[in-house]
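# Residue-level structural notes
Residues per chain are reported as follows:
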Amino acid sequence: MNMESDPPVVAAVDGSEHSLRALAWALGAAEALTAPLVVAHVRSEALQLGAARIASLGTEPELPDTVMDAVRTVVEERGHAVPVRYASLDGTVTDVLPEAARGARLLVTGSRGHGGFASLLLGSTGRSLAARSPCPLVVVPHEARTGALDSGPEAGRVLLGLHPEETPDEVIGFAFATAALRRVPLEAVTALRLPPAPPALAAAPSPAFQLPPPLPLADDTEELLAEARREQEVRLRPFAERRPGVELVRTVAPGDAAGLLVDASADAALLVVGRHHRHRVAELLVGSVAHAVLQHAACPVAVVPPGAPGRQGA
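Described in the following lines is the structure provided in the data block. (Residues numbered from 1 in each chain as written. Predicted model: local features only at pLDDT ≥ 70, side-chain atom pairs only at ≥ 80, totals over all residues. Heavy atoms only, no water.)

As a further point, take the overall build of the chain. Along its length, the chain carries 9 helices and 10 strands. The contacts of the chain with a sequence gap of at least 6 include a subset with a gap of at least 24, amounting to 79%. Carbon and sulfur atoms form 55% of the exposed surface of the chain, whose accessible area is close to 15100 Å². (Helix = DSSP H or I, 4+ residues; strand = E, 2+ residues; numbered from the N terminus. Contact = heavy atoms within 4.5 Å. Areas by Shrake-Rupley, 256 points an atom, 1.4 Å probe, with all protein chains shown as cover.)

Have a look at this one:
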């Protein structure tokens, strides 16, 4: 295996327990993909500043990266079946990590951490990283189930957040590839937003402006659900035909997409969503569903950007 020619899995670490949990997930994914692993640490601002000051005096700075040294010890003690390279990086998290992940299979981070990672899911750092990663970004939450960090049937299924008209092909392909790699079922979840029921009676100054009571919506709801199921089946059919070995579970339910996915993530191994819909401009911010599940999902979340190769999975 050649580290230069084989696209790696990149794990971003900062020495926190959450980043080490993400590192364990990334190493398992790299071994499943038979891909090399790059462990990337963005040095603290203080360390970068100290190195710059020493360099300004004409001396080559030799400041040890103690975080990377500790992480290296953890990885080597665990052992690994793929090549591992360690990279200490200078710059800002949102600039250097996307650059380090260019051409990679995955970029993996924890949900909390020190320094630049401290507000990963809650602030602008996480949104920017999810929006700018050139490859699928996997965020491993600190509360993830132990099984979600493993592979095989015991790890739980792969979830796909699917809008039949708007979810790009590469997102669907990535979900199918991941389920095939892990040998687990794939559940595609499509949410149907029902129109709100009109008020039974609108207050008006005279009877002439009163609205009649609404008709029951049960029949309309069933018809809308049936149409949504047909659209979902048509959208998934070519992917299912290409991967007949993947057990596909189709779910269509009324409600909010993010809420349905967060609820379903409690016993899932990985939740796959698109960065944003395929009809939106690529430079726009992360979509609302992706942002919500990054904040609240109980399992690792993969945010797949436009143009990402869907065949390799995670």
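This is not the end of the story, as more comes after the structure.
With that settled, the discussion passes to the packing of aromatic side chains. Applying the stated criterion across every chain, the model contains 1 aromatic pair. Pairing F176 with F239 gives two aromatic rings, centres 6.1 Å apart and planes at 20°, and the pair type is stacked. Of the two residues, F176 sits in helix α6 (residues 169-182) while F239 sits in helix α7 (residues 218-242), which places them 63 residues apart along the sequence. Assessed through its relative accessible area of 7%, F239 is described here as buried. Cation over ring: R242 sits above F239, and NZ or CZ is 4.8 Å from the ring centre. (Phe/Tyr/Trp six-rings, centres within 6.5 Å; stacked < 30°, edge-to-face > 60°. Buried < 20%, exposed > 50% of the residue type's maximum accessible area, 1.4 Å probe, protein only. Lys NZ or Arg CZ within 6 Å of the ring centre and 35° of its normal.)

The strand order across the open sheet built from 10 strands is β3-β2-β1-β4-β5-β10-β9-β6-β7-β8, with neighbouring strands paired in mixed fashion. Single-partner strands in this sheet number two, and they are β3 (84-89) and β8 (248-254). Averaged over all neighbouring strand pairs, the angle between strand axes comes to 20°, with direction disregarded. One ladder, built from 4 bridges, connects strand β4 (residues 106-110) with strand β5 (residues 137-140); its direction is parallel. Residue pairing across strands places T109 opposite V139, the latter belonging to β5. (Pairing = 2+ DSSP bridges. Axes fitted to C-alpha atoms, helices over the stretch in contact; angles between N-to-C directions.)

Every second residue of β5 is oriented toward a common face, with L137 and V139 on one face and V138 and V140 on the other, all of them buried. Alignment of β5 against strand β10 (residues 301-304), held across 3 bridges, turns out to be antiparallel. When the sheet's bridge partners are listed, V139 is paired in β10 with V301.

Quick look at the pattern of salt bridges now. Enumeration over the complete set of coordinates arrives at 9 salt bridges. R102 is paired through a salt bridge with E99; the nearest N and O atoms lie 3.4 Å apart. D267 serves as the salt-bridge partner of R157, at 2.8 Å between the closest nitrogen and oxygen. Remark: D267 occurs in the loop between α8 (257-264) and β9 (268-274) and R157 occurs in strand β6 (residues 157-161); sequence separation between them is 110 residues. (Salt bridge = Lys/Arg side-chain N within 4 Å of Asp/Glu carboxyl O.)

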